[in-house]
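Analysis of the macromolecular model
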Protein chains: 2
Amino acid sequence: MNIQEYIKSYIDSSFSEVLPFPVVDKVFPKDHILHYPGEVEQHVYYLTQGIVEICIVNNEKESILEFIFPDSFFCAYASLLTQLPADTRIQCLTDCTISVLKRYDIMEAYQHSLVSNKLGRYVTEQLYLKRFGREKQLLTMDAQARYLELITKRPEIVEKIPLYKIANYLGIHPESLSRIRKKITS
Amino acid sequence: MNIQEYIKSYIDSSFSEVLPFPVVDKVFPKDHILHYPGEVEQHVYYLTQGIVEICIVNNEKESILEFIFPDSFFCAYASLLTQLPADTRIQCLTDCTISVLKRYDIMEAYQHSLVSNKLGRYVTEQLYLKRFGREKQLLTMDAQARYLELITKRPEIVEKIPLYKIANYLGIHPESLSRIRKKITS
C-alpha cells in the first residue's frame, strides 16, 4: 500500500485529499546505504517494496536494531527528532522501492495539518511499541525465547534474511543460533 | 509546571485555551500502586510532584524500566495503545501529585483537536527517545558506562533512589553496583 492507503487504513478512512507534504518515490539497489553513522537525519522513509536493515555502530561493533518490511515508516528517528548525529546505519538488504519525505516538509505540515499530526502520532506510537517490545525481550527473555517470538511474529525473516544477521539481531553468536535451531527442530 | 504550562513550553507558546480533555489532580501516598500487572491501561498520568517507578514483572522477576520525575507524562503506554494487559507495575516511590487523564477522553480529543494530536505526538516522541536510549544502552554499553551515563543525566537518582533499585534498573546485582561505585570514586 502507498502512504495515501496507509492513512486510509490506520488514520482516517474517509481521507481522499492530496498528501499534506511532498513525497518522492525512488528505487534503491540492494546494499544501498540510506543513512551513514554520524549523519543527522533529514528524511523519513516509507518502504513499499523490499527489506531494510537498521543497525547501531558503536566502537566498530554493529548491533542490528531491526529489519523493516513493506508498509512501514522508518528513518534514524531519534536523530530526526533531536537533530543530533546518529550512530545508525540504514541499508537496503534487497532492491527497495521507497517513498522519501523531507523533514522540513513534515515539520511544516505539523504546524497546521490535523491529519499530519494524527499520522505522526500514530507512526511514533508504532515505533514506540517496537522499541518497547525489544527492550522487554532483552530484559526478560533468553535467546531461544527471543528467536521463537521472532519466527512466530515474522516467519519471513528466516526465509529472507541470512542467519548471521538474525543472530546479530538476537544479540548472540551465529553458532548459538544454529544450536537453538537444532534444538527446536529436533 | 502543569499540563497547560507544558503545552505552552513544548507545543504552542500561544496556547491559552481550556485543555481539550478533562484532568483531575490527585495526591497519592508513597508506595501507592497506580497500575498492577495484568491490568489494561485506561489512564494517562502527568507527574507534578514526587518520583514514580515503572517496572516489568515477568515470571516473578522484576525489572525496573524507568524512574519518572516531575513534568513528565507516563502510564503503561504499550497497554494504553494496544488495550492488551500489561505486565507492568507503576508505583509511587514518594508521595506524589499527579494529574490523571482518562484514555476515553484523550481518544475523543484526538478525533478533532489539533493541539491534542500535537501533544500526543510530542509526548510519544519523548517516550520513544527514552526507550531507544535504553535499548542502545543495553546493546552497546557495559554496566559501568550505563551507571556513569545515569548519574550524569540524572544526578538526583543517586540522592533519592535506593541503591538496590538503581542496580535493578541497570540490570546488575547490588554488589556489582557497589564495586562500580568504589572503582569510580577511588
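Residues numbered from 1 in each chain as written. Chains lettered and ligands numbered in written order. Predicted model: local features only at pLDDT ≥ 70, side-chain atom pairs only at ≥ 80, totals over all residues. Heavy atoms only, no water.

A word on helix H4 (residues 114-140) of chain B
Between its terminal C-alpha atoms H4 of chain B stretches 38 Å, which fits the 39 Å expected from 27 residues at 1.5 Å a residue. When you tally the buried positions in H4 of chain B, you get 19 out of 27 residues, the bulk of the element. (Helix = DSSP H or I, 4+ residues; strand = E, 2+ residues; numbered from the N terminus. Expected span 1.5 Å × (residues − 1). Buried < 20%, exposed > 50% of the residue type's maximum accessible area, 1.4 Å probe, protein only.)

Some points on the relation of the copies chain B and chain A
Mapping between the two chain copies consists of a rotation about an axis together with a translation along that axis. Taken as rigid bodies, chain B and chain A are interconverted by a rotation of 180 degrees and an axial shift of 0.0 Å, the fit giving an RMSD of 0.0 Å. Viewed as a symmetry operation, the transformation between the two copies matches a two-fold axis. For chain B, the smallest separation between a C-alpha atom and the rotation axis is recorded for Arg121 of chain B, amounting to 2.1 Å. A shared binding surface is used by both copies, with 100% of the interface residues of chain B retained as interface residues in chain A. (Least-squares fit on C-alpha atoms with pLDDT ≥ 70 in both. Contact = heavy atoms within 4.5 Å.)

Observations concerning the sheet that holds strand S6 (residues 72-74) of chain B
All names here are of chain B. With antiparallel pairing, 4 strands are arranged side by side in an open sheet as S1-S8-S3-S6. With partners counted over all chains shown, the strands left at the sheet margins are strand S1 (24-28) and S6, one partner each. Looking at each pair of strands side by side, their axes are set apart by 35 degrees on average, direction ignored. Examined bridge by bridge, strand S3 (residues 43-49) and S6 share 3 bridges and lie antiparallel to one another. By the bridge assignment for S6, Leu47 is matched with Ser72. Relative to strand S8 (residues 96-102), helix H3 (residues 103-112) is tilted by about 55 degrees, and along the sheet it contacts S3 and S8. (Pairing = 2+ DSSP bridges. Axes fitted to C-alpha atoms, helices over the stretch in contact; angles between N-to-C directions.)

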